[in-house]
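Listed here are the chains, written in short residue letters.
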Amino acid sequence: MSYDQLLPDEFFTGEDEYPEGFQEAIDAVIKGGNRLLESNEEPDAWDVASGLLAGAVHFWLFSRQPCADPLCETCASVATAELRLGRLLEEVKQHCEESEYFHTPLDRNAGSA
Ligand SMILES: [Zn+2]
């Protein structure tokens, strides 16, 4: 695996003001993914990235479990599996749209707009 296939560690750094823990979590995922690519003999970047995403989804869902109060306003937006999925997809879409890797010069529709 050549180094240029690793995601730069400074990705996202300092671009916005994130809540405490947010930037550290991004760094941990990127560094963890790069470490896996470097330490495996024949790493598959897609498998590593999908594994990181799976772990992130599980962690996100774990963090969004509603409390026992059925009238809790804080938990209202995550009170059902469907609501949680909607919130999760909304966040994923936002991160895609903010990513410098979302559109690439090699996109099959690049330049056709
Ligand atoms: Zn609650």
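Position numbers for residues count from 1 along each chain, tracking the sequence in the order it is written. Under the rules for a predicted model, residues below a pLDDT of 70 receive no local features and side-chain atom pairs below 80 are neither given nor counted, while totals for whole chains, interfaces and linings still include all residues.

### As for the overall build of the protein
The condition is simple: Counting from the N terminus, the helices are the DSSP runs of H or I reaching at least four residues and the strands are the DSSP runs of E reaching at least two. Working definition of burial: number of other C-beta atoms within 10 Å of the residue's own, with buried at 20 or more, exposed at 12 or fewer, and partly exposed in between, all C-beta atoms being placed from the backbone. By definition, residues are in contact whenever their C-beta atoms, placed on the basis of the backbone, come within 7 Å of each other.
Assigned secondary structure in the protein consists of three helices and zero strands. Put simply, the protein runs from its N terminus to its C terminus through helices and strands in the order α-α-α. For the protein, with 113 residues in total, the buried portion stands at 1%. Of all intrachain contacts in the protein linking residues separated by at least 6 positions in sequence, the fraction that spans at least 24 positions is 30%.

### Some details on helix H2 (residues 45-63)
Helical geometry: 3.6 residues make up each α-helical turn, so side chains three or four residues apart lie on a common side. Stated formally: For a helix, the expected span equals 1.5 Å multiplied by the residue count minus one.
Spanning 19 residues, H2 covers 27 Å between terminal C-alpha atoms, matching the ideal 27 Å at 1.5 Å per step. Of all 19 residues making up H2, only zero are buried, and the element is barely covered by its neighbours.

### Some details on the environment of Val92
Its place among the elements puts Val92 in helix H3 (residues 81-98). Along the sequence, Val92 and Val57 sit 35 residues apart, while their C-alpha atoms lie 9.9 Å from each other.

### Quick look at the packing of helix H1 (residues 22-39) against H2
This is how it is decided: What counts as an axis is a line fitted to C-alpha atoms, over the stretch in contact for a helix, and the angles between N-to-C directions run from 0 to 180 degrees. By definition, any crossing whose near helix is turned counterclockwise from its far helix by less than a right angle is left-handed, and any crossing with a clockwise turn is right-handed. Asp, Glu, Lys and Arg are counted as charged, while Ala, Val, Leu, Ile, Met, Phe, Trp, Tyr, Cys and Pro are counted as nonpolar; the rest, among them Gly, fall into the polar class.
One can describe the packing of H1 onto H2 by two numbers: an axis separation of 10 Å at closest approach and a directional angle of 145°. Where H1 crosses over H2, the two elements pack in a sense that is right-handed. Residues Val29, Gly32, Gly33, Leu36 and Leu37 of H1 lie in contact with H2, whose contacting residues are Ala45, Val48, Ala49, Leu52 and Ala56. Looking at the contact of H1 with H2 residue by residue, the classes come out as eight nonpolar, two polar and no charged.

### Quick notes on the environment of Arg84
Note that Arg84 resides in helix H3. For the pair Arg84 and Arg64, spaced 20 residues apart in sequence, the C-alpha separation works out to 7.4 Å. Not counting chain neighbours up to four residues away, the residues in contact with Arg84 comprise Leu61, Arg64 and Val78.

Honestly, that's just the spatial picture; any functional story needs more than this.
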